[in-house]
Amino acid sequence: MRRMKVRNLRALVATFVVLAVAIGYVTVTGLGNVCAAGVGLVSSICPVGALSALLASKTLIPRTLVALAVVAVLILIFGRAFCAWICPIPLVQRWLPDHRRRAQELEVETKSVIETVSRSTSEDTDADARTGGKRIEDEKGSCASCGEGTTCTAGAKMKLDSRHLILGGTLLSAAVFGFPVFCLVCPIGLTFATLLLVMRLFAFGETTWTLLVFPVILILELVVFRTWCRRICPLGALMSLIAGASKTFRPHIDDERCLVTSKGSLCRICAKACPEGIDVRHPDLSRHGVNECSKCLECVDACPVHAISLPPVPSRK
Amino acid sequence: MVDMEQTAHGMMRRTFVFGTAGCLVLFGMGGLAYMGSTEVCRPPGGQDDDHFTSLCIHCEKCREICPNSAIGTAHIEDGLLNVRTPKMAYSYGWCDFCEEANAGVPLCESACPTTALLLPEDARPETVIIGKAVINRSWCLGWQLMGCRICVDACPYQAIELDGDKRPMVKEDLCNGCGACENVCVSMENGSVNGEESGRAIVVEPLESA
Ligand code: SF4
Ligand code: SF4
Ligand code: SF4
Ligand code: SF4
Ligand code: SF4
Ligand code: SF4
């Protein structure tokens, strides 16, 4: 219920961004789309586009570097918040069948966890099998006792995956071919381009094959590969790398409230809620490190005892 | 810190397949894109094709900021490499070098976040050649002796003149491709000259690549 609220709030914000871009398209404010959003002559820049352009042209362009630095600082502070709050792709994915199926899966998973918890068994075999086979042995102690003596600072650990390989390919291809190759198929760009084409179709009656081709590429990328954000997106990959050095807005658990540390329960609700595969309670069992956190607040909403917060500055214990 | 050991183990086959396939697609596209690329008229500063293509990230900034709505978007019909890049759209507006809106300093060039549009310090409208106007004589009202001099009066550079028979002629050395003529050309609206027009009688065409 409250969880639905955060999800809808995110959709609302992302929709607002799309609307703002659409309004920018028909005015001369020069708002730009998210590839370089800003007002008038000032704008931010997509870090993947900027790096590609710098590599492709093999020159250091002051104004691009400045914009890039500003964006890097923003990512350092807010991590991958762009993914949860601004990017239009999750918005598009909401309407795709696969996403609904995943949402259902998640619900089933969550139910099974709640069952497990309510039975208060001391073994959590299912969940463990999914998170790399490690057992949560001694649940009663503090966080430090989970996962064979490793400490929770393991949460700082980054894990590389196919997205990072594709990020490498993106930058390399730009350097080799001398133009930002990835930008041609970037679904974020294609979403805004499709929006623009539809608007121009209605405003000027401008027709083009692109109007058919862009949606087809988009659907291919988002439906056929389905796992764009998790497996492919080089922008998400780049932001996760930068966010590795971030200390702000990291999910933080109040141990006194958390059922695991205070009651020794097997609660894994926050882990199941996280769309990025982060287990805030047991970072070392987690599929992904906290650097992937998109600040979506799903975990905050899901925790039954409201133990999770995302403090602007890390709180010292 | 990146835990490399963990990473090596964690990079399972599927991850590797996805990553490599993605990279291969990107490299395939990089090569393919060279195939169908045509010349298009770019906003001021986009005349050096290699420079422009290496830097434009399709952000739409230039198109949006143009006070005269003279910039449109290139489509697949203009070649894969050009898709989503800015292309002059003279039927909606023409380029006055931002004379009226910004005292002659091109806003599109100033707004471009990557300097894909880049003008030399001493750039003036007369020296930045976006394209050249070309008249289709069988569509032009003046050439069909129906007495039209609208483009002649519209040209800010006096690059169109009427010849002895009152037919408009473009003086190529004076035309900078601003598109004022194409913008005002009435050949389409004025009923057709011969019923088979598919465009305006005077259009700005991109320069042949030097
Ligand atoms: S991973 Fe990429 S496509 Fe997905 S939300 Fe983040 S930026 Fe958008
Ligand atoms: S850790 Fe929490 S806020 Fe971060 S991505 Fe996961 S659910 Fe969202
Ligand atoms: S933080 Fe909340 S949701 Fe997460 S394990 Fe503790 S009680 Fe469960
Ligand atoms: S110089 Fe000014 S009028 Fe000309 S295309 Fe650029 S923004 Fe438009
Ligand atoms: S502002 Fe520059 S990078 Fe953006 S679309 Fe125009 S030319 Fe390309
Ligand atoms: S002939 Fe047309 S395009 Fe050339 S300068 Fe004159 S108005 Fe501009």
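Residues numbered from 1 in each chain as written. Chains lettered and ligands numbered in written order. Predicted model: local features only at pLDDT ≥ 70, side-chain atom pairs only at ≥ 80, totals over all residues. Heavy atoms only, no water.

A. How the structure looks around the overall build of chain A. Along chain A, the regular secondary structure elements total 15 helices and 4 strands. Of all intrachain contacts in chain A linking residues separated by at least 6 positions in sequence, the fraction that spans at least 24 positions is 71%. When the accessible area of chain A is evaluated, it comes to approximately 14700 Å², of which 68% is carbon and sulfur surface. (Helix = DSSP H or I, 4+ residues; strand = E, 2+ residues; numbered from the N terminus. Contact = heavy atoms within 4.5 Å. Areas by Shrake-Rupley, 256 points an atom, 1.4 Å probe, with all protein chains shown as cover.)

B. The arrangement of the overall build of chain B in detail. Assigned secondary structure in chain B consists of 8 helices and 6 strands. Of the regular secondary structure in chain B, the N- to C-terminal order runs α-α-α-α-β-β-α-α-β-α-β-β-α-β. If you take every contact in chain B between residues at least 6 apart in sequence, the share linking residues at least 24 apart comes to 66%. Working note: accessible area of chain B is about 10300 Å², and carbon and sulfur atoms make up 55% of it.

C. Quick look at the packing of aromatic side chains. Residues and elements named next belong to chain A. Under the defined criterion, the tally for this structure stands at 3 aromatic pairs over all chains. Taking the centre distance of 5.3 Å and the plane angle of 25° together, the rings of Phe78 and Phe249 count as stacked. Note that Phe78 is positioned in helix α3 (residues 62-78) and Phe249 in the loop between α12 (234-243) and β3 (252-253), a separation of 171 residues in sequence. According to the relative accessible area criterion, Phe78 is partly exposed, its value standing at 37%. (Phe/Tyr/Trp six-rings, centres within 6.5 Å; stacked < 30°, edge-to-face > 60°. Buried < 20%, exposed > 50% of the residue type's maximum accessible area, 1.4 Å probe, protein only.)

D. Spatial organisation of the interface of chain A and chain B. Opposite the 66 residues of chain A that make contact, chain B presents 54 residues. Interface area for chain A against chain B, summed over the two sides, is near 4900 Å², with a carbon-plus-sulfur share of 67%. Our enumeration of links across chain A and chain B arrives at 0 salt bridges. Taken together, the links from chain A to chain B amount to 4 residue pairs in polar contact (both at pLDDT 80 or more). Broken down by element, the side of chain A that touches chain B gets its largest block of residues, 9 residues, from helix α8 (residues 162-177) of chain A. A per-class count over the side of chain A that touches chain B returns 37 nonpolar, 22 polar and 7 charged. (Buried area = accessible area lost by both parts, 1.4 Å probe. Salt bridge = Lys/Arg side-chain N within 4 Å of Asp/Glu carboxyl O. Polar contact = N/O pair within 3.5 Å; in protein donor to acceptor, adjacent residues only side chain to side chain. Nonpolar A, V, L, I, M, F, W, Y, C, P; charged D, E, K, R; others polar.)

E. Representation of the site of ligand 4 within the structure. Lining the immediate surroundings of ligand 4 are Pro44(B), Cys66(B), Pro67(B), Asn68(B), Ile71(B), Met88(B), Cys95(B), Asp96(B), Phe97(B), Cys98(B), Pro106(B) and Cys108(B). Each residue belonging to the shell around ligand 4 can be placed in one class, and the counts come to 10 nonpolar, 1 polar and 1 charged. (Near = heavy atom within 4 Å.)

F. Examining α8(A) more closely. The end-to-end C-alpha distance of α8(A), which contains 16 residues, comes to 22 Å, matching closely the 22 Å that a straight helix rising 1.5 Å per residue would cover. What α8(A) keeps buried is the set Ser162(A), Arg163(A), His164(A), Ile166(A), Leu167(A), Gly169(A), Thr170(A), Leu171(A), Ser173(A), Ala174(A) and Phe177(A). Residues of α8(A) that are buried in the fold lie against α2 (47-57), α11 (228-232) and α12 of chain A together with α2 (13-32) of chain B. Capping the start of α8(A) is the job of one residue whose side-chain oxygen sits 2.9 Å from the backbone nitrogen of Arg163(A): Asp161(A). Positioned one or two residues after α8(A), Gly178(A) has a phi angle of 80°, which is positive. (Expected span 1.5 Å × (residues − 1).)

G. Spotlight on the pattern of salt bridges. Residues and elements named next belong to chain B. Counted by the stated rule, this structure contains 15 salt bridges over all chains. The salt bridge involving Glu60 is made with Arg63; its shortest N-O contact spans 2.9 Å. For the pair Glu60 and Arg63, one class covers both residues: buried. Among the ionic pairs, Asp163 bridges to Arg167, the shortest N-O distance being 3.0 Å. By relative accessible area, which is 21% here, Asp163 ends up partly exposed. Residue classification places Arg167 among the partly exposed residues on the basis of a relative accessible area of 23%.

H. Region of interest: the nonpolar core. Formed by 77 residues in total, the largest nonpolar core has its most connected members in Val48(A), Phe82(A), Phe179(A), Phe182(A), Ile188(A), Leu235(A) and Met88(B). In terms of residue count, helix α9 (residues 187-204) of chain A provides more of this core than any other element does, 6 residues in total. For Phe182(A), the contacting residues outside a window of four places in its chain are Val48(A), Thr170(A), Pro187(A), Trp228(A), Pro234(A) and Leu26(B). Core analysis: the next-biggest nonpolar cluster, separate from the first, contains 20 residues, Cys267(A), Ala273(A), Val280(A) and Ala302(A) among them. (Core = buried A, V, L, I, M, F, W, Y, C linked by side-chain atoms within 4.5 Å.)

I. The environment of Ser198(B), seen in detail. Within the element layout of this structure, Ser198(B) appears in the loop between α8 (180-184) and β6 (202-205). Excluding residues within four positions of it along the chain, Ser198(B) makes contact with Trp139(B) and Met188(B).

J. Expanded view of α9(A). Residue and element names in this part refer to chain A. Along its 18 residues, α9 runs 25 Å from first to last C-alpha, staying within 8% of the 26 Å computed at 1.5 Å per residue. Pro187, Ile188, Gly189, Leu190, Thr191, Phe192, Ala193, Thr194, Leu196, Leu197 and Arg200 are the residues of α9 that are buried. Following α9 by one or two positions, Gly205 adopts a phi angle in the positive range, close to 65°.

K. Summary view of the site of ligand 6. Surrounding ligand 6, one finds 14 residues, the nearest of these being Cys155(B), Cys175(B), Cys178(B), Gly179(B) and Cys181(B). Residues that form the shell around ligand 6 fall into these classes: 11 nonpolar, 3 polar and no charged.

L. Examining a nonpolar patch on the surface more closely. Taken together, the side chains of Val66(A), Val70(A), Val73(A), Leu74(A), Leu76(A), Ile77(A) and Phe78(A) define a hydrophobic patch exposed on the protein surface, amounting to about 550 Å² of accessible area. Tracing the sequence through the fold places Ile77(A) in helix α3. (Patch = residues over 30% accessible without salt bridge, like charges linked within 9 Å, V, L, I, M, F, W, Y side chains within 5 Å.)

M. Fine view of the confidence of the model for chain B. Residue and element names in this part refer to chain B. Residues of chain B with pLDDT of at least 70 account for 89%, and the chain-wide mean is 85. When the elements of chain B are averaged for pLDDT, helix α1 (residues 4-10) gives the smallest value, 47, and strand β2 (residues 86-88) the largest, 95. Counting interchain partners and residues more than four positions distant, the pLDDT-below-50 stretch residues 1-8 has 13 contacts. Here the predicted complex carries an ipTM of 0.81, next to a pTM of 0.81. (pLDDT = per-residue confidence, 0-100.)

N. Up close: the side chain of Arg231(A). Following the sequence through the fold, Arg231(A) ends up in helix α11. Buried and unpaired, Arg231(A) has Asp161(A) as its nearest opposite-charge partner, separated by 7.7 Å. Those residues in contact with Arg231(A), other than ones at most four positions away along the chain, are Ser162(A), Arg163(A), Ile166(A), Arg14(B) and Phe18(B). (Lys, Arg positive; Asp, Glu negative; His and termini not counted.)

O. A look at a negative patch on the surface. All names here are of chain B. On the surface, Glu39, Asp48, Asp49, Asp50, Glu205 and Glu208 cluster together to form a negatively charged patch. Summarising the element assignment, Asp48 is placed in the loop between α2 and α3 (49-55). Owing to a relative accessible area of 47%, Asp48 belongs among the partly exposed residues under this scheme. (Charge placed at Lys NZ, Arg CZ, Asp CG, Glu CD.)

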